[in-house]
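Fold and geometry: a report
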Amino acid sequence: MAKLTGREEAMLAGEDGAAVQKAMELLIRYADALGAEDFVETNNVAGVPGSAPPWIKQYYAADGGDYRAVFSRFDLDADEVVDIPRMNAFSCHLQGGMDPMLWREQGMSEAAFDNFRSDEQQVAEHGIQLLKTCTPYLAGNVPVMGEHCAWMESSAVIFCNSVIGGRTNCEGRESTSAAMLARRIPNWGFHRDEYRKGQHSVDVAVPVDEVFEWGMLGYFVGGAVQDTIPVIEGAIAAPSLIRHKHFGAAAASSGGVEMYHMVGITPEAPSVEAAFGGARRGETFRYDAAARRRTYETLNSVGQCEDVDYVMLGCPHYSIEQIAHAARLIEGRKVHTNAELWIFTSRSVKALADANGHTETLRKAGALLMTDTCSAISQAVPKGTRVAALDSAKQVHYLPAMMGIEGWYGTTADCIDAACSGKWRGRLA
Amino acid sequence: MSGAAMAKARGQTPDYIIHGRCVVPGCVEGEALVTHDTISGWGGVSPMTGTIIESRHELNGVSFAGKVLVFPGAKGSSGWSSIFHMTRLAGTAPLAMLFNVMTTKAALGAVVLRVPTLTDFDRDPLAIIRSGDLLRIDATQGHVEGWRAIR
């Protein structure tokens, strides 16, 4: 049984209200399942609280079928419905189900939009910030080194742990919703020093520089080390935010990587020795030209037909740098009549893109800049999509399987070319 | 395994017993569904049918509804727990779970599924249990009794 502080005992006894009590009850069940001994305090929580598709609301019809019912019964997994107050921790809403303006283009119904809008209003009224992105660190929530967080979204978790040195496990909807109320999360896994040490080595023998290469390396690493912590060294060049973002998203998708060390690059890996921290060194995996080619072929194994009818960029959500780059690539060109180009980002980054004229450049070319979601999260692709082109290893891992379509992986330039020509011409250089 | 075969097996000494740590308490009896591949929740499972949909997964197209799911561990998106939570609502949840590698995804998923779950075994269930075996899970006491399917 997890040990409770006096404060936590009081929350469990209901002194902070029924919702906090239910949150504490769930967190204790969760801590016991993990085998955690106690809790850490957190004031940085990112999740997807309270929102639900109509069928889930219908399931709780007898409880009122509203936000309160869903939050109590689903998010807090409670047997009764309680009043849900304003959240106690700094709480952020990650990605959602549709674009608040372009939902018709995404094929959403009026009823689905009404459901989305009413959920969103409830989220805001409960003191949860509407970041509406898988990249909270690009939209106003950048943790600091050592900060205990409770985040969902595997690509954000791996970024927080590895690139920033913040501390979070890959939390789920129910644990983050409970943490928003109780400001606690089990003291297990990445909250603890001993858990953050490297387990396996990855030796990078071919140059990895552009984001396309970082994405492939990430996909390879996840497949190799599964859900352990890799220590990566070798020919990795030019680290940047977007390269880490794509690397981590890919590694979290092909395996279950939640933290990585890159020697001399990430903050907890000044040296190989520091990255392993005295822990036993497991296997060594080598990323060479053959491994790079195999990774490319695996990522493109769901592509057969070269007639591309959909190009999706923005997984994880594009940064302002990536939107500017895409706008520059497509300026003066047109999206092919047989194809669509959708680019996804957060609302705050879109505001910047609007101010800089990128949204307009994309619109003139026939592309749409969308927020809040992506094709995998919303399961929204242009009508009749059969073949998609993607610059994200994570998205090519998920989208074709979810939507029953073909998918190609390539560079951003390959994807923009495909959008403008309707043909896939990506090749491994 | 047919109902008659299950009834026959129950009277016999189990073919194997595995001990583990309780993740979620409870007792249940049912048929094993074993995979050596880790499981993605969101994007890897269709909650309305309990079917594994991940491309290249050993169980692609197979439903775990009503089965004892025996697997190495959870991977992928943090939507793991909510997808498994939805299988509980949709009536397509596994009957129980046995997994080797503890993660926050698998722990929280098991908690909100509210099905008997064990981990940290004295012997590797993946090396012993085969799909179709009859399992009696006592997660509260921390053991699994298994009977080989009659083939």
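Residues numbered from 1 in each chain as written. Chains lettered and ligands numbered in written order. Predicted model: local features only at pLDDT ≥ 70, side-chain atom pairs only at ≥ 80, totals over all residues. Heavy atoms only, no water.

Under an unreviewed UniProt entry, chain B has the name Phosphomevalonate dehydratase small subunit-like domain-containing protein and belongs to Novosphingobium sediminicola.

Within an unreviewed UniProt entry, the label attached to chain A reads Phosphomevalonate dehydratase large subunit-like domain-containing protein, and the organism entered is Novosphingobium sediminicola.

We now examine the overall build of chain B. Scanning chain B for helices and strands turns up four helices and 12 strands. Over its C-alpha atoms chain B spans a radius of gyration of 14 Å, differing by no more than 12% from the 15 Å that the globule rule assigns to 151 residues. Here chain B carries 14 positive and 12 negative side-chain charges, and the mean point of each set is 4 Å from the other. (Helix = DSSP H or I, 4+ residues; strand = E, 2+ residues; numbered from the N terminus. Rg over C-alpha atoms; globule rule 2.2 N^0.38 Å. Lys, Arg positive; Asp, Glu negative; His and termini not counted. Charge placed at Lys NZ, Arg CZ, Asp CG, Glu CD.)

What follows is about the sheet that holds strand 5 (residues 150-151) of chain A. Residues and elements named next belong to chain A. Strand order in this open sheet of four strands is 4-3-2-5, and the pairing throughout is parallel. Because the sheet does not close on itself, it has two edges, and the strands there are strand 4 (128-129) and strand 5. For strand 2 (residues 45-47) and strand 5, the ladder comprises two bridges, and the chain directions are parallel. What sits directly across from Val45, in strand 5, is Ala150. (Pairing = 2+ DSSP bridges.)

A separate point is helix 5 (residues 110-125) of chain A. All names here are of chain A. In this model, helix 5 (16 residues) spans 23 Å end to end at C-alpha, consistent with the 22 Å of a helix rising 1.5 Å per residue. Residues of helix 5 that are buried in the fold lie against helix 3 (54-59), helix 4 (67-75), strand 3 (91-93), strand 4 and helix 13 (347-356). Remark: Gly127 follows helix 5 within two positions and exhibits a positive phi of approximately 80°. (Expected span 1.5 Å × (residues − 1). Contact = heavy atoms within 4.5 Å.)

Quick look at the UniProt feature "domain: Phosphomevalonate dehydratase small subunit-like" (unreviewed entry) in chain B now. Those places that UniProt annotates as "domain: Phosphomevalonate dehydratase small subunit-like" (unreviewed entry) correspond, in this numbering, to residues 39-117 of chain B. Annotation note: span residues 39-117 of chain B, helix share 27%, strand share 22%, distance between end C-alpha atoms 16 Å. (UniProt positions renumbered as here; feature names shortened; annotations may be inferred.)

Another point: the domain arrangement of chain A. By convention, interface size is frequently given as the accessible area that disappears when the constituent parts associate. Residue and element names in this part refer to chain A. Domain boundaries in chain A define domain 1 (6-193), domain 2 (197-299) and domain 3 (310-421). Relative placement of domain 1 and domain 2: their C-alpha centres are 29 Å apart. Taken residue by residue, the interface counts 18 residues in domain 1 and 16 residues in domain 2. Both faces combined, the contact of domain 1 with domain 2 buries some 1400 Å², and carbon together with sulfur accounts for 71% of it. (Domains from an automatic or database assignment. Buried area = accessible area lost by both parts, 1.4 Å probe.)

Each side of the interface is counted separately: chain B has 34 residues, and chain A has 45 residues. Summed over both partners, the interface of chain B with chain A comes to about 3100 Å²; 59% of that surface belongs to carbon and sulfur atoms. It is Trp42, Leu89 and Thr104 of chain B that lose the most area in chain B upon contact with chain A, and together they represent 21% of the buried surface on that side. Across the contact surface, chain B and chain A share four salt bridges. One salt bridge in this structure joins Asp77 of chain A and Arg114 of chain B, with 3.2 Å as the shortest N-O distance. Summed over the shared surface of chain B and chain A, the number is 15 residue pairs in polar contact (both at pLDDT 80 or more). Mapped by element, the contributors of at least two residues to the side of chain B that touches chain A are strand 2 (21-24), strand 8 (74-75), helix 2 (80-90) and helix 3 (104-113) of chain B. (Salt bridge = Lys/Arg side-chain N within 4 Å of Asp/Glu carboxyl O. Polar contact = N/O pair within 3.5 Å; in protein donor to acceptor, adjacent residues only side chain to side chain.)

It is worth spelling out the sheet that holds strand 3 (residues 27-34) of chain B at this point. Residues and elements named next belong to chain B. Strand order in the open sheet formed by eight strands is 1-12-11-3-7-9-10-2, and the pairing between neighbours is mixed. Of all the strands in the sheet, just strand 1 (16-19) and strand 2 have a single pairing partner and so form its edges. The average undirected angle you get between the axes of adjacent strands in this sheet is 25°. Examined bridge by bridge, strand 9 (residues 96-99) and strand 10 (residues 117-119) share two bridges and lie parallel to one another. Bridge pairing links Leu98 to Leu118 in strand 10. This element, helix 3, spans strand 2, strand 9 and strand 10 of the sheet and lies at about 165° to strand 9. (Axes fitted to C-alpha atoms, helices over the stretch in contact; angles between N-to-C directions.)

Right, let's get into helix 8 (residues 211-225) of chain A. Under the 1.5 Å per step criterion, the end-to-end length of helix 8 of chain A is 21 Å for 15 residues, consistent within 8% with the ideal 21 Å. Immediately beyond the C-terminal end of helix 8 of chain A, within one or two residues, lies Gln226 of chain A, with a positive phi of roughly 55°.

What follows covers the packing of aromatic side chains. Residues and elements named next belong to chain A. On inspection of all chains with the given rule, the structure shows 20 aromatic pairs over all chains. With 3.9 Å between their ring centres and 5° between their planes, Tyr137 and Phe159 make a pair best called stacked. Placement of Tyr137 in the loop between strand 4 and strand 5 and of Phe159 in helix 6 (residues 154-164) is noted, with a sequence separation of 22 residues between them. When its relative accessible area of 6% is taken as the criterion, Tyr137 is described as buried. (Phe/Tyr/Trp six-rings, centres within 6.5 Å; stacked < 30°, edge-to-face > 60°. Buried < 20%, exposed > 50% of the residue type's maximum accessible area, 1.4 Å probe, protein only.)

Right, let's talk about the side chain of Thr359 of chain A for a bit. All names here are of chain A. Relative to the helices and strands, Thr359 resides in helix 14 (residues 358-364). Assessed through its relative accessible area of 18%, Thr359 is described here as buried. What Thr359 contacts, discounting residues up to four positions off in sequence, is Lys350, Ala353, Asp354 and Leu369.

We now examine the pairing of strand 1 of chain B. Residue and element names in this part refer to chain B. With burial as the criterion, only one face of strand 1 is covered, namely that bearing Tyr16 and Ile18; the residues Ile17 and His19 on the opposite face remain uncovered. In this sheet, strand 12 (residues 143-147) lies alongside strand 1 in antiparallel orientation, the contact comprising four bridges. Of the residues in strand 12, the one forming a bridge with Tyr16 is Gly146.

This next bit is on the nonpolar core. Core analysis: the largest hydrophobic core is formed by 107 residues, its most contacted members being Leu217, Ile232, Phe247 and Tyr287 of chain A. Sorting elements by how many residues they give to this core places helix 2 (residues 18-34) of chain A first, with 11 residues. (Core = buried A, V, L, I, M, F, W, Y, C linked by side-chain atoms within 4.5 Å.)

Moving on: the pairing of strand 15 (residues 406-409) of chain A. Residue and element names in this part refer to chain A. Bridge analysis of strand 14 (residues 387-390) against strand 15 gives four bridges, and the strand direction is parallel. In the strand pairing of strand 15, Leu390 is matched with Tyr409. Where the polypeptide runs from strand 14 across helix 16 (residues 393-403) and back to strand 15, its parallel neighbour, the crossover connection is right-handed. (Right-handed = clockwise from strand over helix to strand, strands pointing away.)

What follows covers the pattern of salt bridges. Tallied over the full model, the rule gives 38 salt bridges over all chains. Between Asp203 of chain A and Arg286 of chain A there is a salt bridge, and its shortest N-O distance comes to 3.2 Å. Taken together, the positions of Asp203 of chain A in strand 7 (residues 200-208) and Arg286 of chain A in strand 10 (residues 284-287) put the pair 83 residues apart, joining distant regions of the chain. The residue Glu213 of chain A makes a salt bridge to Arg292 of chain A at a minimum N-O spacing of 2.8 Å. A residue pair is termed long-range when its members are at least 10 positions apart, and Glu213 of chain A in helix 8 and Arg292 of chain A in helix 11 (residues 289-299) qualify at 79 residues. For Glu213 of chain A, a relative accessible area of 8% puts it in the buried group. A residue is classified by how much of its surface remains accessible, and Arg292 of chain A, at 14% relative accessible area, is buried. Among the ionic contacts, a cluster of salt bridges with common partners joins Arg29, Asp77 and Asp79 of chain A together with Arg88 and Arg114 of chain B.

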